[in-house]
Every structure is written in structure tokens, then in C-alpha cells.
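Commentary on secondary and tertiary structure
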Amino acid sequence: MRKLHLGVLGSGSGSNYQALHDAITRGDLDAEIVMVMSDIPQARILERAREHGAPHAVIDCRGFASKFPSESQAEVALTMQEAKVDLICLAGFMRLIKSPLLDAFPQRVINIHPSLLPAFPGLKAWEQALDAKVAETGCTVHYVDEGMDTGPIILQHRVPVWPTDSYSSLHQRIQEAEHQLYPQAILQLRMKMDGPYEA
Ligand code: GRF
């Protein structure tokens, strides 16, 4: 069985991308990151890809601040197909994905979100959790569908909320959990996958 080919999409710091890279380097995840793409040319995730010598590219979103135009999605799909990506991993990607990208990778796009979905979808989920005064929150890896943080759940990790938490201390605890969860979830998916992965 050949290594699982991962494509990563991110808009920010890329700490989850880094966690996937580290899990592969340690030998905990039998995969290869064959493409990293970002809609933000100066994003740290692209710098990290450069440092790792991983193939990377900027997505041209035609000047739209938050929309992800169809032409751009088609270009991402083509780039990912040319790189022979098996699974697209969203890691802090801030635009909503729809067809044609989802159609090109059915059941092959996953995301990591900083809450126990379906609780607290959307932005700054750790702030939502603290404001709601819940005793625990966490993080979720799920399949991506056309909604916002709504696809079927693959794996979750629980994180306690302490009475002394600030937004930033809770965010940090959730991020540490995310860095363990994402490689684990991909490993679990890998076990279930067939088709192109059997090459
Ligand atoms: C993570 O908290 C993830 O759950 C959310 O965006 C954040 C990305 O962080 N979807 P990073 O760029 O991986 O550091």
C-alpha cells in the first residue's frame, strides 16, 4: 500500500499542518503531504511548507475577501488532482468550500474545528464555549459538506474548561488537543479507506 497523499488548505499559522508534518516525521502517520495551499500569500502555513520543502501554492481568490469563487475552487481541485492528493485536510482554512471542489473529492475533504460539534460551530468556538460557561469543550475532525462545520463527525477529543480560564488559555489547551487529534483521525480514516490508496 502506498503512502496516503495529503493536501492541506490553510489561511493562518498552520500549527495543525505542522502537527501533521511532525506526526509523519515521527513515523506515527504513514502519509506524505504532497501539496499545501493558502488563500493568504503571507500566511505562516506557507512559510512552514517552504521550510519543510513541501510543494505549496497560493490560491487566487480573484480579490474576494471571504468568498471562494467557483473558478478558484476548480483550480484548487485541479492542483490537488495533479499532485495525486487522496485526502484534503482543512487546517484553519477560512473560506466555505462547495462544488466543484467537493464534487472532485467526494468524502475526501475533512476539517478540524475547535469545539465538540455540533456545539459552537463558526468563528472563535473557544470564546463561545467560555461565554456559555460549559464545563467541557474540545475539538472535532469531521467530513466537510456544503454547510459551516456541519459534516459527519469522524473523531472528537474532550477538553476541560477551568473556572480560571481566559479565552487564550482555553484556546491553547484546545489547540494542543487538536495537534494530537488530527493525525489520529487521519490514521483512523486510513484504516477504513480503499480505492486509490491500495495502489
Ligand atoms: C484551528 O484551531 C482549527 O480548529 C480551526 O482553525 C485553527 C487553525 O489553526 N479550524 P492553525 O492555523 O492550524 O494553527
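Residues numbered from 1 in each chain as written. Predicted model: local features only at pLDDT ≥ 70, side-chain atom pairs only at ≥ 80, totals over all residues. Heavy atoms only, no water.

**Some thoughts on the packing of helix α1 (residues 15-26) against helix α6 (residues 167-192)**
Closest axis-to-axis distance for the α1/α6 pair is 9 Å, and the angle between their directions is 50 degrees. One finds that α1 runs oblique with respect to α6. Where α1 crosses over α6, the two elements pack in a sense that is right-handed. Every residue of α6 that contacts α1 at S15, N16, A19, L20 and A23 is listed here: Q175, E178, H179, Y182, P183 and I186. (Axes fitted to C-alpha atoms, helices over the stretch in contact; angles between N-to-C directions. Helix = DSSP H or I, 4+ residues; strand = E, 2+ residues; numbered from the N terminus. Parallel < 35°, antiparallel > 145°, perpendicular 65-115°, else oblique. Left-handed = near helix turned anticlockwise from the far one by under 90°. Contact = heavy atoms within 4.5 Å.)

**Looking at the side chain of Q73**
Along the chain, the position of Q73 falls in helix α3 (residues 70-82). Residue classification places Q73 among the buried positions, given a relative accessible area of 2%. In terms of polar contacts, Q73 uses its side chain to reach the backbone carbonyl oxygen of F68, at 3.0 Å. Ignoring sequence-local partners within four residues, the contact set of Q73 consists of F68, L96, I97, K98, S99, P100 and L101. (Buried < 20%, exposed > 50% of the residue type's maximum accessible area, 1.4 Å probe, protein only. Polar contact = N/O pair within 3.5 Å; in protein donor to acceptor, adjacent residues only side chain to side chain.)

**Describing the sheet that holds strand β2 (residues 31-38)**
The strand order across the open sheet formed by 7 strands is β3-β2-β1-β4-β5-β6-β7, and the pairing between neighbours is mixed. Both edges of this open sheet fall to β3 (56-58) and β7 (153-160), since each of them pairs with a single strand only. Taken pair by pair, the neighbouring strands of this sheet meet at an average axis angle of 20 degrees, ignoring direction. The pairing of strand β1 (residues 4-9) with strand β4 (residues 87-90) spans 4 bridges and is parallel. For L9, the partnering residue across the bridge sits in β4 and is L90. Here α3 sits on the sheet and contacts β1, β2 and β4; the angle it forms with β2, its principal contact strand, is near 155 degrees. The strands touched by α6 within the sheet are β1, β4, β5 (109-113), β6 (136-143) and β7, with β7 carrying the most contacts at an inclination of about 150 degrees. (Pairing = 2+ DSSP bridges.)

**Describing unusual backbone geometry**
Residues other than glycine predominantly adopt negative phi, and peptide bonds predominantly adopt the trans conformation. Residue P100 follows S99 across a cis peptide bond; omega there is 5 degrees. Positionally, P100 belongs in the loop between β4 and α4 (101-104). Following L117, the chain continues to P118 via a peptide bond in cis, the omega torsion being 10 degrees. If you trace the backbone, P118 turns up in the loop between β5 and α5 (125-131). A positive phi angle is found at K124, which is not glycine, with a value near 45 degrees. Take K124: it is sitting in the loop between β5 and α5. Using a relative accessible area of 47% as the deciding quantity, one classes K124 as partly exposed. Here K133, not a glycine, exhibits a phi torsion of approximately 60 degrees, which is positive. With respect to the helices and strands, the residue K133 is situated in the loop between α5 and β6.

None of this, on its own, says anything about what the molecule does.
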